[in-house]
Each structure stands twice: as C-alpha cells, then as structure tokens.
Amino acid sequence: MMNFQFLIPILILIILIAHQQNVNGSIHEYSKEAFTHRSNAFFFHGGSEALFASSSASQSFIKFESVVFTRPKFSAAKHGDMQQNTGLVEAIVLEVKDRLRIGGSHLKSELICCTKELSDSHLCNLGEVIIEKNPDNPEFPKRIKTFFQGTEELTAMETQTVTVNATGMYYLYFMFCDPELQGTIISGRTVWRNPNGYLPGKMVPLMRFYGLMSLAYLVMGMVWFVRFVQLWKDIIHLHYHITAVIALGMCEMAVWYFEFANLNSTGSRPMGITVWAVTLSTVKKTVSRLLLLVVSMGYGVVRPTIGGSGMSSKSRMMLLAVLYFVASEALLLVENLGNINDFSGNAKLLLVLPVVCLDSCFILWIFSSLSSTLEKLQMRRNLAKLELYRKFTNTLAVSVLLSIAWIGFELYYNATDPLSELWQIAWVIPAFWSLLAYALLLVICILWAPSRNPTRYAYMEEAGDDFDEEGISLTSSVAKMSGDVKGSIVTDREDIEEDKRE
C-alpha cells in the first residue's frame with residue numbers, strides 16, 4: 001500500500017487558497033509596483049487585453065480608478081512648494097499593431113523619450129514619450145498625462161475612461177522620462193471591459209465552447225446511462241470507470257463555463273471557484289489517462305485484476321497518477337491565477353516540462369500494454385476481442401499523431417505570435433485538447449458499450465472464454481476449432497494464472 005502522507009501539505013495549500021477572496025481577471029490591480037528602465041525611459045506594463053469595438057448598445061473601455069504615483073523624497077525635495085508640473089508620468093494605451101509608433105523608430109532613432117535635439121527640430125515635446133499618431137485612428141496611441149505639483153510626493157490620476165472603437169489587442173504602459181523620478185512606484189487599478197462583459201476577447205469563444213461541450217457530455221451521459229440501466233445485469237467493472245470519466249467531463253465543462261460567465265459579469269475571478277475548476281479539470285485528465293491505461297492493459301477483458309506482490313502494476317499506476325495530478329495542478333494554477341496574460345512565461349515553461357515527461361510515460365506504458373494485450377489475444381486466437389483491440393489501437397495511434405502535429409502548431413503559434421496579434425484564433429488551442437479527449441472517450445464508449453453478450457469483451461476464468469460465439473463464428477470450421485482447443489487449453493490456463501499474477 002502506497003503512503004500518500006506527502007499529499008497532505010498540498011491539500012492544505014489548495015484549501016487555504018480556496019478561502020482567498022478574488023483573483024484578478026479584467027480588473028488589473030497595482031500594489032506599489034516599480035518602473036523598469038529601458039533606453040532613456042522608465043516604464044511599467046499595466047496590462048493587455050483583447051477588446052472588441054464598442055457597439056451602439058454598449059461600450060468597450062479601459063477605466064483608470066484610484067491610480068496613484070509615489071516619487072522618492074529626494075526627487076520631491078529638489079523643487080519648490082510653488083512650482084507647478086515638477087514631474088510627468090504618462091499613461092499610454094495602444095493597439096498592438098501600433099507598437100512601432102511608440103518611440104523614435106519612425107524618426108530612425110532608438111530613443112523612447114524626446115531629447116532637446118528632437119524638440120528643437122519640432123519633432124516632439126521635450127521630456128515626453130515620442131508618439132506617432134495612427135492616421136487611420138488619430139485618437140490612438142492614447143496619451144494621458146499626470147503631473148506632480150511642487151514638493152508633493154504623491155499624485156493621482158483623474159478617474160477617466162478610454163473608449164475603444166476598434167477591435168484589437170490593447171496594451172497599457174505607464175511611462176516617465178525624467179531620470180529624477182527614478183524609484184517612483186504605482187498603486188491602484190484599471191478596469192477593462194468588452195461590450196458584452198468583462199471577459200477578455202480571446203476568452204469569449206472559449207466560454208461558448210465550454211457551454212457546447214457541456215451539452216455534448218450531457219448527451220453522451222444520457223445515452224450511456226440509458227444503456228447502462230437497460231443492461232445492468234451484464235455490466236462489468238470497466239463500465240463503472242467509463243461512467244466516472246463521463247461524469248467528470250460533464251462537471252468539468254460546466255464548471256469552466258460558469259467560471260467564465262462569472263468573470264464576464266463581475267470582472268474578477270473568485271479564487272475558490274477557479275481553484276476548484278482547475279482541480280476538477282486535473283482530476284478528470286488524470287482519471288482519463290488511467291482509463292486509457294487500464295483498457296490497454298486488458299483489465300476486465302484478458303486479465304481479471306491489476307495488482308500483485310511487490311511494486312505491482314496497480315502501485316506504479318497510482319504513483320504515476322499522483323505525480324501527474326500534482327504537476328498538472330501546479331501548471332493549471334499558474335495559468336489561471338493572476339491577471340489575464342500577465343503570468344510568468346518562465347514559470348509556465350518550468351511547470352510544463354514535468355507534465356510533458358509524465359504524459360510521455362503514460363503514452364509509452366499505454367502502447368506497451370496494448371502490444372502485450374494484442375499478443376495474448378493472438379496466442380489465444382480470440383478473434384472478436386482481437387478485432388476490438390485493433391480498432392482501439394488504431395484510434396490511439398491516430399490521436400497520438402494528431403497530438404504531435406498540434407503540439408508542433410502550438411510551438412509555431414507561440415514562437416511567431418509573442419504579442420498575441422492572432423488572439424482571435426487562440427481559443428482553438430485548448431479547445432482541440434478538449435475535443436480530442438471527448439473523441440477518445442466516445443470511441444471507448446462505442447467499443448465497450450454495455451451489451452447483451454458480455455462475453456464479447458468480458459474476462460472469463462474458463463478457457464472457453466477465449467472461444468466465445470463471435471470468435472467461433474469467424475473460424476473456418478468447427479472441427480479445426482475443436483482440435484485447436486484441445487491443443488491449447490493447457491496454455492490458456494497458464495496464461496490465466498499469469499494474468500492474475502500481473
């Protein structure tokens with residue numbers, strides 16, 4: 001029996017996280033954040049979201065609320081009490097396609113802030129960020145100025161709203177050019193909203209997709225349940241595993257849909273709901289992989305149990321499942337907690353590697369088990385079960401090839417679109433994996449559907465199990481089959497004992 005005491009701290013951590021209040025979604029909060037030096041400017045990334053154009057019924061906007069800048073004391077002390085505009089901080093809102101309009105690239109300069117030489121040439125204003133307006137949308141990039149007055153250490157932005165009239169990926173930067181303001185920090189928050197709610201534009205199709213997938217799982221569950229009840233006397237243990245995965249898939253899609261719907265209506269993500277959605281998704285992924293593995297090992301079909309003495313197959317399966325659950329849970333928490341688009345890419349990469357390695361272990365074990373199962377069925381000449389497993393093997397092979405191709409597409413997409421310019425198709429990447437999982441589960445439901453003839457795939461201790469009605473009907477003659485039975489019955493009994501030991 002495995003010792004799972006090391007999981008207790010992880011469970012406690014999840015419970016503590018679940019009791020927190022909110023995770024920021026389309027509401028970006030800043031708590032004494034510092035500015036980063038680049039070229040001759042200092043900047044802070046205030047967030048990025050995909051926004052749709054405002055409609056006649058509702059506006060799409062970015063709203064600045066309680067944004068406060070705090071400069072160091074030595075910087076404030078250099079000025080007099082009666083002086084005005086003793087320091088400038090600019091908030092710049094731009095669409096990603098206008099990124100080259102920020103700075104002096106159009107002036108063939110690598111500078112971001114206007115210098116005296118450029119100012120004397122009437123190309124820009126001294127001490128301000130160089131911005132080239134978009135002729136197709138003169139209001140953008142949008143510049144909002146906030147000044148420090150006299151010797152004050154604090155200055156607050158006016159509460160105001162920037163209306164978005166063109167669909168695109170928008171970025172917000174807070175910037176200043178005065179080196180004497182180095183050490184300035186920012187606090188407050190900005191609210192980003194689309195015409196139909198707070199859900200970021202790249203996530204809107206996902207909410208619809210999760211709603212449709214919830215209905216798809218519901219239909220699958222209803223059909224499976226009717227068949228399950230009709231033939232409950234012929235149910236085998238494997239059918240209970242399939243039922244559990246269908247139920248988990250239905251709950252997973254429904255929870256994600258309502259989590260996105262809540263974010264769309266409130267602008268924030270209650271951490272408890274997000275953590276439970278992530279945990280449910282991780283449990284479903286783990287159980288699905290275990291289902292594929294036990295089916296591949298022939299559990300309930302060519303072997304009665306999974307286990308034995310020592311480090312048995314069951315113990316190794318449980319160890320791999322626990323490791324996969326922990327690694328996948330950590331990855332999904334990093335992806336879903338915090339501001340949209342603001343989590344660390346390096347942290348995600350570090351967490352992706354263990355999940356990829358463990359997925360590879362599952363794949364190798366599944367195909368190794370399938371090879372062993374097919375070999376046993378061929379030796380026993382069980383043609384009905386052999387045909388069943390060949391169909392299952394072909395389905396898995398196709399799914400693995402599709403997965404490899406899709407991973408290649410993901411790598412290409414992430415490498416060629418670091419700024420999310422193709423945000424409108426980003427939803428298809430997670431959607432593909434959900435569709436693939438659904439398709440595999442559907443194939444298993446069809447191949448191992450409850451049947452009035454359970455011997456078609458159910459394990460039977462008698463040697464005659466290897467020669468069920470369907471298997472016999474596929475042979476050339478009854479006489480030849482009788483001779484094969486007499487010659488192989490001893491071998492079959494040995495195989496049965498071996499199955500029980502594995």
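What you see is a predicted model; the values in this text were computed from it and never measured.

All right, on to the overall build of the protein chain then. The helix and strand inventory of the protein chain stands at 12 helices and 12 strands. By the burial criterion, 47% of the 502 residues in the protein chain qualify as buried. Considering only intrachain contacts with a sequence separation of at least 6, the fraction spanning at least 24 residues in the protein chain is 80%. Surface exposure of the protein chain reaches about 25,300 Å², of which carbon and sulfur atoms provide 61%.

To continue, consider the pattern of salt bridges. Applying the stated criterion across every chain, the model contains 12 salt bridges. Of the charged contacts, one joins Glu132 and Arg101 as a salt bridge, the two residues approaching to 3.6 Å between their closest N and O atoms. Of this pair, Glu132 sits in the loop between helix H3 (116-120) and strand S7 (142-148) while Arg101 sits in the loop between strand S6 (87-95) and H3, placing them 31 residues apart in sequence. A salt bridge links Lys284 to Glu252; the nearest nitrogen and oxygen atoms lie 3.9 Å apart.

Below, the discussion takes up the packing of aromatic side chains. Following the criterion strictly, the structure yields 28 aromatic pairs and no others. Each ring, one from Phe69 and one from Phe174, has its centre 5.8 Å from the other, and the planes form 65°; the classification is edge-to-face. Of this pair, Phe69 sits in strand S5 (residues 60-70) while Phe174 sits in strand S10 (residues 168-176), and the two are 105 residues apart along the sequence. For the pair Phe69 and Phe174, a shared accessibility class is recorded, and that class is buried. Centre to centre, the rings of Phe392 and Trp448 are 5.3 Å apart; their planes meet at 90°, and the pair counts as edge-to-face. In this pair, Phe392 is assigned in helix H9 (residues 383-416) and Trp448 in the loop between helix H10 (428-447) and helix H11 (469-473), connecting sequence segments 56 residues apart. Here the two residues Phe392 and Trp448 agree in accessibility, since each one is buried. Through a chain of ring-to-ring contacts, the aromatic side chains of Tyr30, Phe35, Phe42, Phe44, Phe64, Phe69, Phe174 and Phe176 assemble into a single cluster. Directly above the aromatic system of Tyr198 lies the positively charged group of Arg193, at a separation of 5.2 Å from the ring centroid.

The next point concerns the environment of Thr36. Within the secondary structure, Thr36 is located in strand S3 (residues 36-38). In this structure, the C-alpha to C-alpha distance between Thr36 and Met175, residues 139 residues apart in sequence, is 9.1 Å. Residues in contact with Thr36, not counting those within four places in the same chain, are Ala41, Phe42 and Phe43.

Another aspect to go through is the pairing of S5. In terms of strand pairing, S5 meets strand S9 (residues 160-164) through 5 bridges, oriented antiparallel. Bridging from a neighbouring strand, Lys63 pairs with Thr161 of S9. For S5 and strand S11 (residues 185-193), the ladder comprises 8 bridges, and the chain directions are antiparallel. When the sheet's bridge partners are listed, Lys63 is paired in S11 with Val191. Bridging between S5 and strand S8 (residues 154-156) involves 3 bridges; their strand directions are antiparallel.

Here we take up unusual backbone geometry. Residue Phe140 is joined to Pro141 through a cis peptide bond whose omega torsion reads -5°. With respect to the element layout, Pro141 can be found in the loop between H3 and S7. Positive phi values are uncommon outside glycine, yet Lys32 reaches one of about 55°. With respect to the element layout, Lys32 can be found in strand S2 (residues 27-34). Even without being glycine, Ser39 reaches a positive phi, approximately 55°. Looking at the secondary structure, you find Ser39 in the loop between S3 and strand S4 (41-51). With relative accessibility at 37%, the residue Ser39 sits in the partly exposed group.

It is worth spelling out the UniProt feature "transmembrane region" (unreviewed entry) in the protein chain at this point. Those residues carrying the UniProt feature "transmembrane region" (unreviewed entry) are residues 209-226, 238-258, 318-337, 349-371, 392-413 and 425-449 in this numbering. Along residues 318-337, the helical share is 95% and the strand share 0%, with 28 Å between the first and last C-alpha atoms. Across residues 392-413 one finds 100% helix and 0% strand; the C-alpha atoms that close the span lie 31 Å apart.

Cut-offs and rules
- Residues numbered from 1 in each chain as written.
- Predicted model: local features only at pLDDT ≥ 70, side-chain atom pairs only at ≥ 80, totals over all residues.
- Heavy atoms only, no water.
- Helix = DSSP H or I, 4+ residues; strand = E, 2+ residues; numbered from the N terminus.
- Buried < 20%, exposed > 50% of the residue type's maximum accessible area, 1.4 Å probe, protein only.
- Contact = heavy atoms within 4.5 Å.
- Areas by Shrake-Rupley, 256 points an atom, 1.4 Å probe, with all protein chains shown as cover.
- Salt bridge = Lys/Arg side-chain N within 4 Å of Asp/Glu carboxyl O.
- Phe/Tyr/Trp six-rings, centres within 6.5 Å; stacked < 30°, edge-to-face > 60°.
- Lys NZ or Arg CZ within 6 Å of the ring centre and 35° of its normal.
- Pairing = 2+ DSSP bridges.
- UniProt positions renumbered as here; feature names shortened; annotations may be inferred.

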